[in-house]
Amino acid sequence: GEDVEQSLFLSVREGDSSVINCTYTDSSSTYLYWYKQEPGAGLQLLTYIFSNMDMKQDQRLTVLLNKKDKHLSLRIADTQTGDSAIYFCAERGDTGRRALTFGSGTRLQVQP
Amino acid sequence: GAGVSQSPSNKVTEKGKDVELRCDPISGHTALYWYRQRLGQGLEFLIYFQGNSAPDKSGLPSDRFSAERTGESVSTLTIQRTQQEDSAVYLCASSLSSPPYEQYFGPGTRLTVT
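Just so it is clear, the model here is predicted, and its values are computed rather than measured. (Residues numbered from 1 in each chain as written. Chains lettered and ligands numbered in written order. Predicted model: local features only at pLDDT ≥ 70, side-chain atom pairs only at ≥ 80, totals over all residues. Heavy atoms only, no water.)

Participant: Break down the nonpolar core for me, with residues and values.
Facilitator: Among the nonpolar cores identified, the biggest contains 22 residues, and Y35, L43 and F102 of chain A together with Y35 and F105 of chain B are the most heavily contacted of them. Within the residue set of this core, elements represented by two or more residues are strand 4 (31–37), strand 5 (43–50) and strand 9 (85–92) of chain A together with strand 4 (31–37), strand 5 (43–50) and strand 8 (88–95) of chain B. Residues in contact with L43 of chain A, not counting those within four places in the same chain, are Y35, K36, Q37, F88 and F102 of chain A together with L43, L91 and F105 of chain B. (Core = buried A, V, L, I, M, F, W, Y, C linked by side-chain atoms within 4.5 Å. Buried < 20%, exposed > 50% of the residue type's maximum accessible area, 1.4 Å probe, protein only. Helix = DSSP H or I, 4+ residues; strand = E, 2+ residues; numbered from the N terminus. Contact = heavy atoms within 4.5 Å.)

Below is the structure:
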């Protein structure tokens with residue numbers, strides 16, 4: 001079945017850039033998403049990218065997609081303490097199930 | 001407009017009891033999803049409703065789990081004879097049925113089975 005993998009933890013200093021990486025196995029993925037989860041809260045959709053794109057920028061967020069290697073990354077510029085959270089990548093395949101397959105999340109810690 | 005709402009926000013139940021969790025999707029969203037999130041883990045798909053089509057139940061972990069949806073509105077997830085391993089946060093999401101199929105999540109119901 002489909003699988004999505006992420007590193008567990010990333011620590012950066014305030015003002016630096018953060019890069020969170022994700023790999024997936026489903027070659028039929030059409031859309032890939034990034035969600036943010038703060039402690040005790042639900043998931044907040046940050047951004048998405050369509051599989052025929054290789055980059056998408058949205059204010060401080062840049063998403064890069066390497067479809068050949070099935071690698072997705074989320075770059076957060078000028079990281080702030082308010083960006084501390086768990087970040088999930090998720091993919092939506094083109095066949096069968098319409099639900100998302102999620103990675104296990106990357107905990108981003110921003111040090112002042 | 002209003003987002004996805006879920007109730008209750010917390011539920012503590014004794015092993016063996018039945019529980020019902022409720023989800024109110026965003027108005028106009030035809031697709032509704034239930035996921036389960038165990039502590040420190042990612043989300044695990046449970047069930048998907050799309051309009052009047054038969055639901056995709058392929059993620060339900062056992063026949064103790066069932067869900068219903070009334071038209072394109074409220075959904076209820078029922079867990080019968082709860083077990084301790086059912087303890088988790090149950091998240092509901094809804095989306096339109098057109099690209100980019102963005103799923104918007106509710107705050108979740110934290111279920112604790114003692």
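Participant: Tell me about unusual backbone geometry, and please be specific about residues and values.
Facilitator: All names here are of chain B. Look at the link from S7 to P8: it is a cis peptide, with omega at -10 degrees. With respect to the helices, strands and loops of the structure, P8 is situated in the loop between strand 1 (5–7) and strand 2 (10–13). Backbone torsion omega between P99 and P100 reads 5 degrees, so that peptide bond is classified as cis. With respect to the helices, strands and loops of the structure, P100 is situated in the loop between strand 8 and strand 9 (104–105). In this model, R81 sits at a positive phi of 45 degrees, which is unusual for a non-glycine residue. Structurally, R81 can be placed in the loop between strand 7 (75–79) and strand 8.

Participant: Explain the interface of chain B and chain A residue by residue, including any values.
Facilitator: Contacts between the two partners involve 22 residues from chain B and, on the opposite side, 17 residues from chain A. There are zero salt bridges connecting chain B and chain A. Mapped by element, the contributors of at least two residues to the side of chain B that touches chain A are strand 4, strand 5 and strand 9 of chain B. Its residues assigned to classes, the side of chain B that touches chain A shows twelve nonpolar, eight polar and two charged. (Salt bridge = Lys/Arg side-chain N within 4 Å of Asp/Glu carboxyl O. Nonpolar A, V, L, I, M, F, W, Y, C, P; charged D, E, K, R; others polar.)

Participant: Break down the packing of aromatic side chains for me, with residues and values.
Facilitator: This model, assessed by the stated rule, comprises 15 aromatic pairs over all chains. Note on F102 of chain A and F105 of chain B: the rings are 6.0 Å apart at their centroids and 80 degrees apart in plane angle, and the pair reads as edge-to-face. Placement of F102 of chain A in strand 10 (residues 101–102) and of F105 of chain B in strand 9 is noted, with the two residues assigned to different chains. Accessibility assignment for this pair places F102 of chain A and F105 of chain B in one class, buried. The ring of Y48 of chain A carries the charged tip of K56 of chain A above its face, separated from the ring centre by 3.6 Å. A cation over an aromatic ring shows up here: R92 of chain A above the ring of Y101 of chain B, its NZ or CZ 3.6 Å from the ring centre. (Phe/Tyr/Trp six-rings, centres within 6.5 Å; stacked < 30°, edge-to-face > 60°. Lys NZ or Arg CZ within 6 Å of the ring centre and 35° of its normal.)

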